[in-house]
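Remarks on the overall topology
Read off the chains here:
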Amino acid sequence: MVSPPMRVLCIVGARPNFMKMAPALRALRTYRELTVTLVHTGQHYDAEMSESFFEQLGVPQPDHRLEVGSATHAVQTARVMERLEPLLMELTPDVVVVCGDVNSTLAAALAASKLHIPVAHIEAGLRSYDRRMPEEINRVLVDQISEILYTTEKSAKANLQREGIDEDKVVFVGNLMIDSLHAALPHAVPAAEQVERRFGREALPRLSGGYAVLTLHRPSNVDEPKTFAGILDAVETISSECPVIFPVHPRTAGRIADLGRTLPKVLMTTPVSYREMVGLIRDARLVLTDSGGLQEETTALGVPCLTLRENTERPITVEEGTNRVVGTDPARIVEEARAAMGGRKAGRVPEGWDGAAAQRLAAHLLGWLRARKALA
Ligand code: UD1
């Protein structure tokens, strides 16, 4: 008798989830023993924050959409839980797979674990030790209620052990986001092509000496008017020495409008697609960012990165990679940017950031599900 397939339910919600889940979906779907279903919570919903990623990452359309949209943290988290719970009860998955640290990740992990459905967490164990970050709260809580903790770097295991998590649950598979990066590189859109399309042919000569890329979206940076104004002052100074391309997150666009600020020399644009972003960072002299993903992607590509935060939950990007955590003081940012453009910080690609992390994850998850089934 052929036994029925085991059910895996994967959840995504916001932009940084898509490039982590895409390779996992692909790898899991190669196993006939598994039925893999995808739910999109709808935390991110703009075409350029969501749909374009599905197309470019080759992810089939989600099987279910919860369409929760934007709201306060409590409301957004509650909406995901409320809409996901009946679906979990209907589908009765054998495991729920979540990734990263966004509100959708926490909400899905909570809803599943309360129904006694085991949770597997991709990118477990990262810690900034800064509880003012909403993501840090999400990380700590998701890891506490997960049954399998897939880690991207070795520091994660020590963090999890410190929190009393059984080391048998922790599985180092490497970095799935780098799997997506490898897959996207042959399709990366060159910066010159993007600049010509978005700013016109006359902007092209400005790129001849290279350019920097800027992204900002953390509430601690953009929602604090004094901090944000200081960062923009630094960016203005840098942009008079080297062109700065700045794809602006919707939250950040709102805060720039609130400040009534213009940055005439900066090449500001709406959020770019994944292949565009990969093209921008691959060819950049420098990346300035408060994103977690970009810290890792620049390390994988050997591109200098300055993190405009006081800390990072991804220390390997500093210890082994090309990242430097420089804070938000404008004078320091300018000084570090000049230094970074003057000479590259040598870096190496961390272990397990090799494009094959999803295969390792899928093989492990299949074995785990089989073992569990055998015990049932
Ligand atoms: C969320 C994640 C953050 C991640 C980031 C990537 C949490 C707590 N934060 O932050 O970890 O790094 O995504 O972008 O989950 N908006 C739109 N269109 C969209 C989505 C958002 O206009 O498609 C606007 C809305 O005004 C919304 C604001 O952006 O209120 C913030 O969106 P939200 O998902 O709450 O948080 P992010 O700042 O995107």
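Residues numbered from 1 in each chain as written. Predicted model: local features only at pLDDT ≥ 70, side-chain atom pairs only at ≥ 80, totals over all residues. Heavy atoms only, no water.

1. A look at the sheet that holds strand E9 (residues 244-247)
- Taken together, six strands build an open sheet; the order of strands is E10-E9-E8-E11-E12-E13 and the sheet is parallel. The outermost strands of the open sheet, each flanked by one partner alone, are strand E10 (267-269) and strand E13 (323-325). Averaged over all pairs of adjacent strands, the angle between strand axes in this sheet comes to 20°, irrespective of strand direction.
- Relative to E10, E9 runs parallel, the two sharing three bridges. Note that in E10 the partner of isoleucine 245 across the bridge is leucine 267. (Pairing = 2+ DSSP bridges. Helix = DSSP H or I, 4+ residues; strand = E, 2+ residues; numbered from the N terminus. Axes fitted to C-alpha atoms, helices over the stretch in contact; angles between N-to-C directions.)

2. Re the sheet that holds strand E3 (residues 64-65)
- Taken in spatial order, the seven strands make up an open sheet running E3-E2-E1-E4-E5-E6-E7, and their pairing is parallel. Only two strands of the sheet have a single partner each, and these edge strands are E3 and strand E7 (170-172).
- Across the sheet, helix H3 (residues 73-91) is in contact with strand E1 (6-12), strand E2 (34-40), E3 and strand E4 (95-99); its angle to E1 comes to roughly 165°. (Contact = heavy atoms within 4.5 Å.)

3. Focus: the pairing of E9
- What you see with E9 is no split at all: Val244 and Phe246 on one side and Ile245 and Pro247 on the other are buried throughout.
- In this sheet, E9 lies alongside strand E8 (residues 212-215) in parallel orientation, the contact comprising two bridges. Note on E9: the bridge partner recorded for alanine 212 is valine 244.
- With helix H11 (residues 250-259) bridging E9 and the parallel E10, this β-α-β connection has right-handed handedness. (Buried < 20%, exposed > 50% of the residue type's maximum accessible area, 1.4 Å probe, protein only. Right-handed = clockwise from strand over helix to strand, strands pointing away.)

4. Brief notes about the nonpolar core
- Of all hydrophobic cores here, the largest spans 46 residues; its most connected members are Val8, Cys10, Met21, Ile122, Tyr150 and Leu365.
- It is helix H1 (residues 15-28) that provides the largest number of residues to this core, a total of eight residues.
- Counting contributing residues per domain, this core is built from domain 1 (6-174 + 354-375) and domain 2 (190-342), each supplying no fewer than three.
- Sequence-distant contacts of cysteine 10, that is, excluding residues within four places in its chain, are made with Met21, Leu25, Leu28, Val36, Thr37, Leu38, Val39 and Val97.
- Leu216, Ile231, Val235 and Ile333 belong to the second largest nonpolar core, which has 27 residues in total. (Core = buried A, V, L, I, M, F, W, Y, C linked by side-chain atoms within 4.5 Å. Domains from an automatic or database assignment.)

5. Brief notes about the site of the ligand
- In the neighbourhood of the ligand, 19 residues make up the surrounding shell, with Gln43, His44, Asn103, Glu135 and His217 lying closest.
- Contacts to the ligand include histidine 44, whose side-chain N or O atom sits 2.8 Å from an oxygen atom.
- Between the ligand and arginine 251 there is a distance of 2.8 Å, counted from an oxygen atom to a side-chain nitrogen or oxygen.
- When isolated, the ligand has an accessible area of 740 Å², and the protein chains bury 84% of it.
- Mapping the ligand onto the cavity grids shows that it belongs to the largest pocket.
- Partitioned by chemical class, the residues of the shell around the ligand number six nonpolar, eight polar and five charged.
- Taken domain by domain, the makeup of the shell around the ligand includes at least three residues from each of domain 1 (6-174 + 354-375) and domain 2 (190-342). (Near = heavy atom within 4 Å. Polar contact = N/O pair within 3.5 Å; in protein donor to acceptor, adjacent residues only side chain to side chain. Areas by Shrake-Rupley, 256 points an atom, 1.4 Å probe, with all protein chains shown as cover. 1 Å grid on protein atoms, 1.4 Å probe; cavity = no way out; pocket = protein on both sides within 12 Å on 5 of 7 lines; lining within 4 Å. Sits in = over half its atoms within 2 Å of the grid points. Nonpolar A, V, L, I, M, F, W, Y, C, P; charged D, E, K, R; others polar.)

6. Quick look at the packing of aromatic side chains
- If you walk through the whole model with that rule in mind, you get three aromatic pairs.
- Taken together, a centroid distance of 6.2 Å and an interplanar angle of 45° make the contact between phenylalanine 18 and phenylalanine 53 tilted. A residue pair is termed long-range when its members are at least 10 positions apart, and phenylalanine 18 in helix H1 and phenylalanine 53 in helix H2 (residues 51-57) qualify at 35 residues.
- Residue classification places phenylalanine 53 among the buried positions, given a relative accessible area of 3%.
- Taken together, a centroid distance of 5.1 Å and an interplanar angle of 55° make the contact between phenylalanine 18 and phenylalanine 54 tilted. Here phenylalanine 18, found in helix H1, pairs with phenylalanine 54, found in helix H2; they are 36 residues apart in sequence, far enough to count as distant.
- Taking relative accessible area as the criterion, phenylalanine 54 reaches 3% and is therefore assigned buried. (Phe/Tyr/Trp six-rings, centres within 6.5 Å; stacked < 30°, edge-to-face > 60°.)

7. Considering the domain arrangement of the chain
- Taken domain by domain, the chain comprises domain 1 (6-174 + 354-375) and domain 2 (190-342).
- For the pair domain 1 and domain 2, the summed buried surface comes to about 1,700 Å²; carbon and sulfur atoms form 52% of the total.
- Area buried by domain 1 at its contact with domain 2 is led by Glu48, Gln56 and Glu153, which between them contribute 32% of it.
- In this assembly, domain 1 and domain 2 are joined by three salt bridges.
- Among the ionic pairs, glutamate 123 bridges to arginine 314, the shortest N-O distance being 3.1 Å.
- In this assembly, domain 1 and domain 2 are joined by eight residue pairs in polar contact (both at pLDDT 80 or more).
- Elements with a minimum of two residues in the side of domain 1 that touches domain 2: H1, H2 and helix H5 (134-144).
- Among the elements that make up the side of domain 1 that touches domain 2, the one with the highest residue count is H2 (four residues).
- Split by residue class, the side of domain 1 that touches domain 2 holds six nonpolar, four polar and 10 charged. (Buried area = accessible area lost by both parts, 1.4 Å probe. Salt bridge = Lys/Arg side-chain N within 4 Å of Asp/Glu carboxyl O.)

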